[in-house]
Amino acid sequence: MTVYFIGAGPGDPELLTLKAQKRIGACPVCLYAGSLVPAEVVACAPEGARVMDTAAMTLDETHAEILAAHERGEDVARVHSGDPSLYGAIAEQIRRLKADGIPYEIIPGVPAYAAAAAALGQELTIPEIAQSIVLTRMSMQSTSMPAGETLENFARTGATLAIHLAVRNMREIERVLTPYYGADCPVVVAYRVGWPDQILLRGTLADIRQKVRAEKITRTALILVGPALGAARDFKDSALYDPQKPHVLRPVAGVDLVEPHNT
């Protein structure tokens, strides 16, 4: 018996990996976070499977279901939104599985920031503008942030910020980030990416808060901040395909690259 922690992606059932779909379709027990994972994602569970929405369940209750499945020798599909390695709350579940000697496997999924970038139709790492992405969140009613992991510290890098679990704190985001990025810095609020009611709000640090309020978005949103989100056209091409930047698979025209050897 094995517990499979499965990344369901941001919401679109078609963004399930083949491996994830195969595992869900084979497990007699399926526990999924219904507040973030559409029922359509787990519709491929086998006929007669025990499929449970864990949104209202405690950690003790979900673990009790796993223990019962373990006694029956039945595999469990534990389905989380996005990729389970990021804010998936699987660490405490794994700790209990290890204590009880229950094997597990993690199957990655499409993270929300990647799905949001795809929906926006753009790259997040633009040459000489932004080459790093910081995945973070803010301290509110959830677990507090470690010392040093503050928006101020991340903002000093100028990297693209992907801020989770913070759409109710737009005023603080504007206050903290404006001195570092400027009031005209592009911002995107991606609401329920991959769901039928997906909303992509574009704005700036100066006006995004009003746009979020007008749409009445209060949860299930990812906030992207950084100059890479702008419609810049004058950035430099990357060196990846530059004919004057040779590498092993593409030498400069007219120049033979000789493999080094010992003499």
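This text goes with the structure placed above it.
Computed from a predicted model, the values in this text were never measured in an experiment.

1. Let's talk about the pattern of salt bridges
Logical step 1: With the rule as written, the count across this model stands at seven salt bridges.
Logical step 2: Across the pair arginine 50 and glutamate 65 runs a salt bridge, and its minimum N-O distance is 2.9 Å. Placement of arginine 50 in strand β3 (residues 50–53) and of glutamate 65 in helix α2 (residues 59–72) is noted, with a sequence separation of 15 residues between them.
Logical step 3: For arginine 50, a relative accessible area of 41% corresponds to the partly exposed category.

2. Quick notes on the nonpolar core
Logical step 1: Membership of the largest hydrophobic core comes to 27 residues, with the highest contact counts inside it found for Leu161, Ile163, Ile173, Leu177, Val189, Ile223 and Val225.
Logical step 2: Every element with two or more residues in this core is listed here: α5 (151–155), β7 (160–164), α6 (170–181), β8 (186–191), α7 (208–215) and β10 (221–225).
Logical step 3: The element best represented in this core is α6, accounting for five residues.
Logical step 4: Not counting residues within four places of it along the chain, the set of residues in contact with isoleucine 173 comprises Met138, Leu151, Ile163, Ala166, Thr178, Leu205 and Ile223.

3. Some details on the sheet that holds β10
Logical step 1: The strand order β6-β7-β10-β8-β9 describes an open sheet built from five strands, whose pairing is mixed. Strands at the two margins of the open sheet, each flanked by one partner only, are β6 (133–137) and β9 (199–204). Across this sheet, the average inter-strand angle for adjacent strands is 20°, counted without regard to direction.
Logical step 2: Across six bridges, β8 lies against β9 in antiparallel orientation. Paired with valine 189 across the bridge in β9 is leucine 201.
Logical step 3: Packed onto the sheet, α6 meets β7, β8 and β10 and runs at close to 170° relative to β7.

4. Comments concerning the state of the cysteines
Logical step 1: Going through the model one piece at a time under the given rule, you end up with zero disulfides.
Logical step 2: Unpaired in terms of disulfides, cysteine 27 finds its nearest cysteine sulfur in cysteine 30, a separation of 7.7 Å.

5. Overview of the sheet that holds strand β5 (residues 104–107)
Logical step 1: If you walk across this open sheet you meet the five strands as β3-β2-β4-β1-β5, and the pairing is parallel. Each having just a single partner strand, β3 and β5 make up the two edges of the open sheet. Across the sheet, the mean angle from the axis of one strand to that of its neighbour is 15°, orientation sign disregarded.
Logical step 2: By the bridge criterion, four bridges tie strand β2 (residues 29–32) to β3 in an arrangement that is parallel. Across the sheet, residue leucine 31 finds its bridge partner in β3, namely methionine 52.
Logical step 3: Across the face of the sheet, α2 comes into contact with β1 (3–7), β2, β3 and β4 (76–80) while running at roughly 165° to β2.

About the criteria used
- Residues numbered from 1 in each chain as written.
- Predicted model: local features only at pLDDT ≥ 70, side-chain atom pairs only at ≥ 80, totals over all residues.
- Heavy atoms only, no water.
- Salt bridge = Lys/Arg side-chain N within 4 Å of Asp/Glu carboxyl O.
- Helix = DSSP H or I, 4+ residues; strand = E, 2+ residues; numbered from the N terminus.
- Buried < 20%, exposed > 50% of the residue type's maximum accessible area, 1.4 Å probe, protein only.
- Core = buried A, V, L, I, M, F, W, Y, C linked by side-chain atoms within 4.5 Å.
- Contact = heavy atoms within 4.5 Å.
- Pairing = 2+ DSSP bridges.
- Axes fitted to C-alpha atoms, helices over the stretch in contact; angles between N-to-C directions.
- Disulfide = S-S within 2.5 Å.

All we've got here are geometric facts, nothing functional implied.
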